Amino acid sequence: GAVVSQHPSRVICKSGTSVKIECRSLDFQATTMFWYRQFPKQSLMLMATSNEGSKATYEQGVEKDKFLINHASLTLSTLTVTSAHPEDSSFYICSARHLLTDTQYFGPGTRLTVL
Amino acid sequence: QKEVEQDPGPLSVPEGAIVSLNCTYSNSAFQYFMWYRQYSRKGPELLMYTYSSGNKEDGRFTAQVDKSSKYISLFIRDSQPSDSATYLCAMSAGHSNYQLIWGAGTKLIIKP
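Below: a short report on this structure. (Residues numbered from 1 in each chain as written. Chains lettered and ligands numbered in written order. Predicted model: local features only at pLDDT ≥ 70, side-chain atom pairs only at ≥ 80, totals over all residues. Heavy atoms only, no water.)

**Observations regarding the pairing of strand β5 (residues 45-51) of chain B**
All names here are of chain B. What counts is decided by this rule: Strands were regarded as paired on the criterion that DSSP finds at least two bridges between them. Under the scheme used here, helices are H or I runs from DSSP no shorter than 4 residues and strands are E runs no shorter than 2 residues, and both carry numbers assigned from the N terminus.
As judged from the 6 bridges shared by strand β4 (residues 32-38) and β5, these two strands associate in the antiparallel manner. The residue of β5 that forms the bridge with R37 is E45. The hairpin turn running from β4 into β5, its antiparallel successor, is 6 residues long, and R41 in that turn takes a positive phi close to 65°.

The structure is reproduced here in structure tokens:
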């Protein structure tokens, strides 16, 4: 139980294009989902917290217009990287907070490469 | 000073050894403590979840929390090459305050 999926697992895109990443809790409901970014050999950096049906809360330094987050249901959140640039290349990981246990479960991550 | 300090390693030990991984923290409000394991290019996987002080055991893994010293540990017994990964500690202040504060992660290498 408590499985979180992410799609796609890997994406390569051209500079200037937008990329959407999906995060799904497969067997539990999650009122809150989190989006992290991880650079090589570094720890997780929280980008934003998204609550179902409301606007996401972004961490300081994270551009909300660049990283659009939608949390339309208790099992799905999406992150759209708009007008991607090479410096946006990173490993993006989502997590979902289990509605009943409050534990965070992580997705497998999405590796974004912007050429 | 970071809220959570964790030695990034790498920590290299022979197969079968007991591994000790540690984190220290500065915020006395932290009550929930977690250890995650992350394999290369994968998302973190929850290993252990403890509340307040004390020990918790799950198979070859034991988590210890010493709130008086603001120090948490993860012990791995009979270490296996498959345990080679980065281990991250994380903690939060309360059940409703769910933002996790992360350690930098310790890279563990188990040599066959």
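Resuming the write-up.
**Regarding the sheet that holds strand β6 (residues 54-58) of chain B**
Residues and elements named next belong to chain B. Pairing in this open sheet of 5 strands is antiparallel, and the strands run β1-β3-β8-β7-β6 from one edge to the other. Each end of this open sheet is capped by a strand with a single partner; those strands are β1 (4-5) and β6. Pairing between β1 and strand β3 (residues 19-25): 2 bridges, direction antiparallel. Looking across to β3, one finds that V4 is bridged to Y25.

**Focus: the packing of aromatic side chains**
Remark: the centre distance and the inter-plane angle together describe each pair of aromatic rings, the angle taken between the planes. Our working definition: Side-chain rings of Phe, Tyr and Trp (the six-membered ring for Trp) are treated as a pair once their centres are within 6.5 Å; stacked means planes under 30 degrees apart, edge-to-face means over 60, and tilted covers the remaining angles. To sort residues, take the accessible area from a 1.4 Å probe on protein chains only and compare it with the maximum for the residue type: under 20% means buried, over 50% means exposed, and anything in between is partly exposed.
Across all of its chains, the model carries 11 aromatic pairs over all chains by this definition. Judged by centre distance (5.1 Å) and plane angle (85°), the ring pair of F106 of chain A and Y36 of chain B falls under edge-to-face. One end of the pair, F106 of chain A, is in strand β10 (residues 104-106); the other, Y36 of chain B, is in strand β4, on a second chain. Each of the two residues, F106 of chain A as well as Y36 of chain B, counts as buried.

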